[in-house]
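A look at the structure
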Amino acid sequence: MTATRTLPPGPRLPGLAQTALLFRDPVGFLGSCRRRYGPVFRVHLVGFPHYVYVADPQLAREVYAADRTVGRAGEGRHDFLAPLVGENSLLVTEDEQWLRHRKLLGPVFHRKHVDGYAEEIAAIAGREIERWPLEEPFELRPRMQEITLEVILRLVFGIADGERLERFRELLPRLLEATGALLLWLLPPSLWASEKGQRRLRRFPNPLRSFLETREQVDELIYEEIARRRSELDDSRRDVLSMLLRARDDEGRGMSDIELRDELITLLEAGHETTATGLAWAFERLLRNRDALERLVAEVDDGGSEYLDAVVRETLRARPVVLDTPRLLDGPLEIGGYVIPEGWYVAPAIPSVQLDRSVGPEPEDFRPERFLDEPPRDAWIPFGGGKRHCVGSHLALLEMRVVIAEVVRRLRLDAVRAAPERQRVHHVTLVPSKGTRVMASPRDLMPLRHHAESTSAPAAQAARIHFDRWAGAYGRSRLLVSLQQKALTELRLGAADRVLDVACGTGALIAEVAHRVERAAGLDLSSGMLQIARSRLLPDAGPGRLVNIEFRLGSSDALPFADGEFTALVCTTALHHFPEPQRSVDELARVLAPGGRVVIGDACRDSPPAKLLDPLFRRFEAGHVGLQRKRDIEAMLTRAGLRVTTSRHLWLGVYALVAAERPGSQPPGAAQ
Ligand code: HEM
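Now for a look at the structure at hand. Quantities reported herein were computed from a predicted structural model and do not represent experimental measurements. (Residues numbered from 1 in each chain as written. Predicted model: local features only at pLDDT ≥ 70, side-chain atom pairs only at ≥ 80, totals over all residues. Heavy atoms only, no water.)

1. Observations concerning the pattern of salt bridges
Opposite charge on two side chains permits pairing when their charged atoms draw close. Here the structure, examined in full by the defined rule, presents 53 salt bridges. With a closest N to O distance of 2.6 Å, E284 and R285 form a salt bridge. For the pair E284 and R285, a shared accessibility class is recorded, and that class is buried. Here R290 ties to D414 by a salt bridge, and the two come within 3.4 Å at their closest N and O atoms. With a gap of 124 residues between them, R290 in helix α17 (residues 290–301) and D414 in strand β9 (residues 411–415) connect regions that are remote in the sequence. Owing to a relative accessible area of 13%, R290 belongs among the buried residues under this scheme. Each of R164, E225, R228, R229, R237 and D239 takes part in a single network of salt bridges with overlapping partners. (Salt bridge = Lys/Arg side-chain N within 4 Å of Asp/Glu carboxyl O. Buried < 20%, exposed > 50% of the residue type's maximum accessible area, 1.4 Å probe, protein only. Helix = DSSP H or I, 4+ residues; strand = E, 2+ residues; numbered from the N terminus.)

Shown next as structure tokens:
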């Protein structure tokens, strides 16, 4: 293409407004500029004089190729990063100085070497996952940060000693947090990075002072560690610091203490939050694409890793961790028909490049399969490109594969909300807006394959959270108890009955029937409810303890019980929360023995007030899926292969109580 003299077009809004738009919705802002101005556009960002984005795979390649001519990645990052990572860091250096370090670090991060870390990463992940909370919402990203920090401490810094580990564990997150101090990014370093500027800053409390103080403490600890390790050089050690201590450049020189310190901080800064965020995104995507999750779990269970690798790559494509990879130009660059002048920044916009049509159908969708067939090449740049591409990419990919496999092997995760999390700017990364909020349960509690068949995960999640919240008050509702009584009367229990109460809440019905049947089981989606039920009815020991009671966490549309396991089923005031009621009724029929009975009671849509209120509840009550008519309940039972025996309205048509039985011979001893 022939270059013109004009500069690329771009929004005319003031710089502050454009910066705000980029921070608020980075992917949306870049996408709309791409649509409006084409694949090369100019933006005004506070703190940067001139900034040009390219949003096309071929043009991104050209920017990276300029690393050999006019592109200065290190200089472009220098002012912002050097105060933290030091003047010798790979991130901020250029030319000979950069090349010397890149050659020393390169072999340490070579795929063959880092692959040897897999077992240790798995062990670290395993120990951390054991400590995750169960059955309560939590943010996954900070948990992943704990894992990736531990990986850096043990495999990069090579620290094994408990006491020193503790000191690093305490200080490093503080340093990373302090680095994020807004002022650090907004104030020109010329104002504070000098000795004089720093002396002034230390006079009063402010975020920069706390950054400087923490940096001092961390430096002290790192220099201590370097000195210790120099004095006890051990050729068998394979951690990054030990390898760097042994590494020699072309002239036989090793790294000095300050060079080592700068690279250790660099690896911490570049490798900790990025990988943790990639992991958080992997689950954010997987939990909203359950087919992919199911396929992944099946593969991990069978010991495979091909799909796992595709999941990792697709995560970094659909949700890149780094927004852009700027190059400061030290000469004009011809690109996309424009000539970008010296002194300007040019940056591939990673999210836009990775949404290019060349990645295959539906670029916006999360489809790991695209990496199995014909993997996107130029349009996959999560680790940047050119000679400055990420030195830790193999470690990051390995870490993500290993940690994801360790998680899905142990736990079943659910998203707390069905809506996807937004991409939000945090420091220099794009993070999930809610930190990837999840709930975890042990996999053996509810087999994942079973659950994955359920299409209802997000709606069920809403119901679960709703009931967790009001678990404390639930058992005290006289109304609910009286409805349960009516259902029980209908059920006509006998001593040989094995009863299951589906959506058992805090276990009031189980408490009532347990002493007069053979077995009484309660199932509920809410762990809050079950906690109360268990503490009430399952005391640790003691005379008079009922041994025929059990409570299980689970969903009505994937009952964790065998076919025909129960002779009597009851389900009251819950059907309207089931995302797929027919599926749940089919499940009830499945676990019911021939001749067994079932009673379903629920508020129904037959009366005018209920008809009016139903849409309102659907809108405002989390987990309210919709009321049925009495005859819908009858029809569902019939479709499930059961025979309706009685059916009536209570409370002037507001509530329906329908009983049915499974054809076949009566279970012996069950009352009729
Ligand atoms: C998912 C995780 C990661 C992502 C998305 C990521 C992404 C990136 C990107 C986009 C760059 C800039 C490349 C360019 O300018 O073209 C970069 C550079 C770098 N990364 Fe990573 N990174 C990750 C993990 C790691 C890890 C684990 C380490 C090491 C422990 C690491 C160390 C570095 C270093 C030292 C550089 C500077 C390279 C140079 O300028 O020569 N990164 N990374």
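Let's pick the thread back up.
2. A closer look at the side chain of E273
Structurally, E273 can be placed in helix α16 (residues 273–286). With a relative accessible area of 9%, E273 lands in the buried category. In this structure E273 touches R141, Q145, H426, H427 and T429, once residues within four positions along its chain are discounted. (Contact = heavy atoms within 4.5 Å.)

3. With respect to the sheet that holds strand β13 (residues 498–502)
Taking strand neighbours across the sheet as the criterion, the seven strands line up as β15-β14-β13-β16-β17-β19-β18 in an open arrangement whose pairing is mixed. Bordering the open sheet on either side are β15 (549–553) and β18 (643–650), each of which pairs with just one other strand. Direction aside, the axes of adjacent strands within the sheet are offset by 15° on average. Inspection of the sheet shows strand β17 (residues 592–603) paired to strand β19 (residues 655–661) by seven bridges, in the antiparallel sense. Residue pairing in the sheet places V599 in a bridge with A659 of β19. Taken strand by strand, helix α24 (residues 478–491) contacts β16 (566–572), β17, β18 and β19, and its axis lies near 155° from that of β16. (Pairing = 2+ DSSP bridges. Axes fitted to C-alpha atoms, helices over the stretch in contact; angles between N-to-C directions.)

4. A word on the site of the ligand
Neighbouring the ligand are 26 residues; R77, W98, R102, R327 and C390 lie closest to it. One of the backbone N or O atoms of L90 is found 3.5 Å from an oxygen atom in the ligand. In this structure, a nitrogen atom belonging to the ligand sits 3.4 Å away from a main-chain N or O atom of A270. Elements that contribute at least two residues to the shell around the ligand include exactly α5 (95–105), α15 (257–271) and α16. Top contributing element to the shell around the ligand by residue count: α15, with four residues. In terms of residue class, the shell around the ligand is built from 14 nonpolar, eight polar and four charged. (Near = heavy atom within 4 Å. Polar contact = N/O pair within 3.5 Å; in protein donor to acceptor, adjacent residues only side chain to side chain. Nonpolar A, V, L, I, M, F, W, Y, C, P; charged D, E, K, R; others polar.)

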